[in-house]
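Per-entry structural report
Below, each chain spelled out in residue letters.
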Amino acid sequence: RFAVGFLKFVAVCVCLCIIVGSVAAVALSMYIVKVTENDATLLDLQNLELSYTTIIYYREETESGQEEWKEYARLTSAAEDRIWGDSSAISDNLKNAFIAIEDRDFYKHQGFNFKRTVYAFLNEVAYHLTGSYLRGNMQGASTIEQQLIQNITGDDETDYMRKVREIFRAVALDNRYSKEEILEAYLNTIGLTGSVAGVEAGANRYFDKHAGDNENIAEGKEPLTLAECASIAAITNAPTKYSPITNPEDHLTRRNLILYQMWQQEYITEEQYNEAVAEPLRLAETIVDPDAAQQSNNSWFTDTIIEEVIADLQEQKGMSRDEATNYLYSGGLRIYSTVVPSLQQKMEDTFAAKTYWRAGTMDYESGKVDAEGNPITEEIETQAAGVSINYKGELCAVVGGLGQKEGDRLSNRALIPRAVGSTMKGVAVYPLAIENNIATFSSTQLDAPIEQEVKDDAGNIIKGWPTNVDTWTNVPLTVYQAIKVSKNTIAVRWGQQVGLSEMYEFAHDTLEIDTLDENDAVSLASMCLGGNSYGISPYQLAGAYMMYGNGGMFYSLHSYVSIEDYKGEVVLEPEINRVQAISEDTAYIMNRLLHGVMESGGGTAYGASVSANGLDTIGKTGTTNDNKDIWFVGLTPYYVSAFWYGYDENVGMSWYRHSMHPGTKAFKAIMDDELSDEAKYPYIDWPEPPEGSVVPKTFCMDSGALAGTNCPNQKTGYYKADNLPSASCPIHYAG
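No experiment lies behind these values; they were computed from the predicted model shown.

This brings us to the environment of R413. Structurally, R413 is set in the loop between strand 9 (395-399) and helix 15 (429-435). For R413, a relative accessible area of 16% translates into the label buried. Taking the C-alpha atoms as reference points, R413 and V398, separated by 15 residues in sequence, lie 9.7 Å from one another. The contacts of R413, once residues within four sequence positions are left out, are Q383, A384, A385, G400, G401, P538, W644 and D648.

This is the structure:
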């Protein structure tokens, strides 16, 4: 009876165990289903929602004439500096270093290592029962799959159920993806010291190299050595303890252990092992402690492209500004920019030194009052901005202020519209007068007021308008002379004939100067003399003048040519309009007219011509009332540059003299320096108009007609073949 009773008891216990086990299994299953219900999305290795570093590239031409893209700048989120590297672009030595030290059976197991897991469990039990581990230290059991899951999910709870979750997820991950895909994701998600994440960012940061086997020509970086591969693998186990910057001795011990494991597991030979162990730790010279606070180092160009990309993401992708900004900084974008680094650096150095700009200070009544209601007076200082583009509308260099740049994404004066003064004459008045055959190179207008009395902005009556920098001559002046010495009277008279609406539509629609206000369309002062309501930025002004160096074409201004995501898919391209703004013959004639501005005998930019490599220079100066804004637009066959000088507060510079003209001096210094490299900038001339469409003729400077033998002041002019001036000079006609 006792035996039967005991057997019944055992049977009941077994049944209870089965029931409890079944309940536990069901509960565990329900738990696993619950905690992994979003894993299909969360563990989608094709679309990891992690933060990736955005890289800006610049274009450089090799000796063979091929174009290469090289790294210019990085945009790193506050969280992580991460650059995605495809498996094919990661060195085998680097992969093997991680496998050798982290998961030697990686290619054999199905997501978790059963033996190591059981041993790790027994080791923990022994520690809790005896206070010591079986072999004297804690043993990890995490496979690469399990570590990848931790990196992606951030699940680092200390409870034992975390390991259960990891194992189930690891098995699922291993069934869903190949080992190569898993290893690629792992190597791109590991955390290194500070904000550095992923092996490519680590190779860049610590050794100024890339993680591949072959030299990365596009970025000018060499591949990691075997020892450096082991160094990257050494960091991830304990980033602070094994930091090569702060703990180099511990780091080298760990590195050499990894090299030993690679040798023992036959990834490398004994000879390779000995050579690698003997290699000293050589960190990149420019490396800083990655745990240190990030400081500003954006160039003005980087600031500019950031704003343009954010705006384009909003417009083309329907993102909010916050969404676009976050995507730009953490989306791992590859931005192929238009910057010319050498020119950008020269412009930044010139503006930082303030060599050509007088630091004019003044007390300014800001309109603010203190607690007692007394006006607050502030001391303000002059500022400046400059921009250079090429003849495809590509931004090549930009500076938004004087002095050293003190932060990122500051107010950029190169993008702020201001009244442009006489530079407006070359935007719409003269090109349309020539284009529509209203005027020629030597057509004349009377240099005299159009209106006897007008009111200025303050309501004061001005006797005679428009005024000139000098007095009226009350004689006819040619277009050539009027542009050369910047006569306001002549520009307004030609503007009357062209028409206000036509000038406004040309500038606003064709040249895409969208900051012009509709009120400008009814004002000769705005459309002819640059007294605009909101004005034009230096960037836009350079864009308006590009048509004089490329045969009359206008291209939408842009700072990048394309943007890809970290997987190489194109996500954004600028919307570029390409239009024939004016005819090729008009463009050439205007080019020659603007050359007069650089000539002696009254040219307002005389002395600013570039001397490098014999390249020609044309340009236009501009000044607004009371010397509030000082402008210069200078063109060489390679670049169009626009410079502004004045106070941010839009007040006059009473001390300014026209002989100062800092924009012309800065332009010449920068361009002479940049264009002196004959290999990079060989001699080229302006594009020629179609054969026979423009003819040079000698004209009389006094009458504007074709010169005769009795004309004392003669000059070569350029004319459309079908719009020549009179063949007989009425002043010096011999009869």
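Glancing now at the confidence of the model for the protein chain. The predicted model of the protein chain averages 84 in pLDDT, with 82% of residues at 70 or higher. For residues 288-296, every residue scores under 50 in pLDDT, and the model assigns this stretch 14 contacts once sequence neighbours within four places are set aside.

Looking now at helix 18 (residues 500-510). The periodicity of an α-helix, 3.6 residues per turn, causes residues three or four places apart in sequence to face the same way. Taken as a whole, helix 18 has its buried residues at M503, Y504, F506 and A507. The arc that holds every buried residue of helix 18, seen down its axis, measures 160°, which confines them to one face. Buried-residue contacts for helix 18 involve helix 15, helix 17 (488-498) and helix 19 (524-529). Remark: E512 follows helix 18 within two positions and exhibits a positive phi of approximately 55°.

With that settled, consider the sheet that holds strand 1 (residues 54-61). Taking strand neighbours across the sheet as the criterion, the five strands line up as 2-1-5-15-16 in an open arrangement whose pairing is mixed. Pairing within the sheet leaves two strands with one partner each, and these edge strands are strand 2 (67-75) and strand 16 (570-572). Strand-to-strand, the axes of this sheet are offset by a mean angle of 35°, without reference to chain direction. When strand 15 (residues 560-564) meets strand 16, the two strands line up antiparallel, connected through two bridges. By the bridge assignment for strand 16, E564 is matched with V570. Helix 12 (residues 300-317) rests against strand 1, strand 2, strand 5 (334-337), strand 15 and strand 16 of the sheet, and its axis sits at about 95° to strand 16.

This brings us to unusual backbone geometry. The general pattern is negative phi for most residues beyond glycine and trans for most peptide bonds. The phi angle at E266 is positive, at roughly 65°, despite the residue not being glycine. Mapped onto the elements, E266 comes out in the loop between helix 10 (248-264) and helix 11 (270-278). Not every positive phi belongs to a glycine, and N437 is a case in point at roughly 60°. With respect to the secondary-structure elements, N437 resides in the loop between helix 15 and strand 10 (444-446). N437 sits in the partly exposed class, given a relative accessible area of 38%.

With that out of the way, let us pick up the sheet that holds strand 19 (residues 629-635). Spatially, five strands are ordered 9-8-20-19-18 in an open sheet, and the strand pairing comes out antiparallel. In this open sheet, the two strands that pair with only one neighbour each are strand 9 and strand 18 (618-623). The sheet shows a mean angle of 10° between the axes of neighbouring strands, direction not considered. The pairing of strand 8 (residues 383-389) with strand 20 (residues 640-646) spans seven bridges and is antiparallel. The residue of strand 20 that forms the bridge with G386 is F643.

Moving on: the pairing of strand 20. The buried fraction of strand 20 is high, at seven of seven residues. Note: strand 19 against strand 20, seven bridges, orientation antiparallel. Bridged to F632 within strand 20 is F643. Between the antiparallel neighbours strand 19 and strand 20 lie four residues.

Applying the stated rule across the entire model yields 22 salt bridges. With a shortest N-O distance of 2.9 Å, E60 and K70 are connected by a salt bridge. Taken as a pair, E60 in strand 1 and K70 in strand 2 lie far apart in primary sequence, ten residues in all. K680 is paired through a salt bridge with E674; the nearest N and O atoms lie 3.4 Å apart. Look at K680 and you get partly exposed, because its relative accessible area is 40%. Classification of E674 by relative accessible area gives buried; the value is 3%. Taken together, the shared-partner salt bridges connect E145, D174 and K179 into one network.

Definitions and cut-offs
- Residues numbered from 1 in each chain as written.
- Predicted model: local features only at pLDDT ≥ 70, side-chain atom pairs only at ≥ 80, totals over all residues.
- Heavy atoms only, no water.
- Helix = DSSP H or I, 4+ residues; strand = E, 2+ residues; numbered from the N terminus.
- Buried < 20%, exposed > 50% of the residue type's maximum accessible area, 1.4 Å probe, protein only.
- Contact = heavy atoms within 4.5 Å.
- pLDDT = per-residue confidence, 0-100.
- Arc of directions from axis to C-beta.
- Pairing = 2+ DSSP bridges.
- Axes fitted to C-alpha atoms, helices over the stretch in contact; angles between N-to-C directions.
- Salt bridge = Lys/Arg side-chain N within 4 Å of Asp/Glu carboxyl O.

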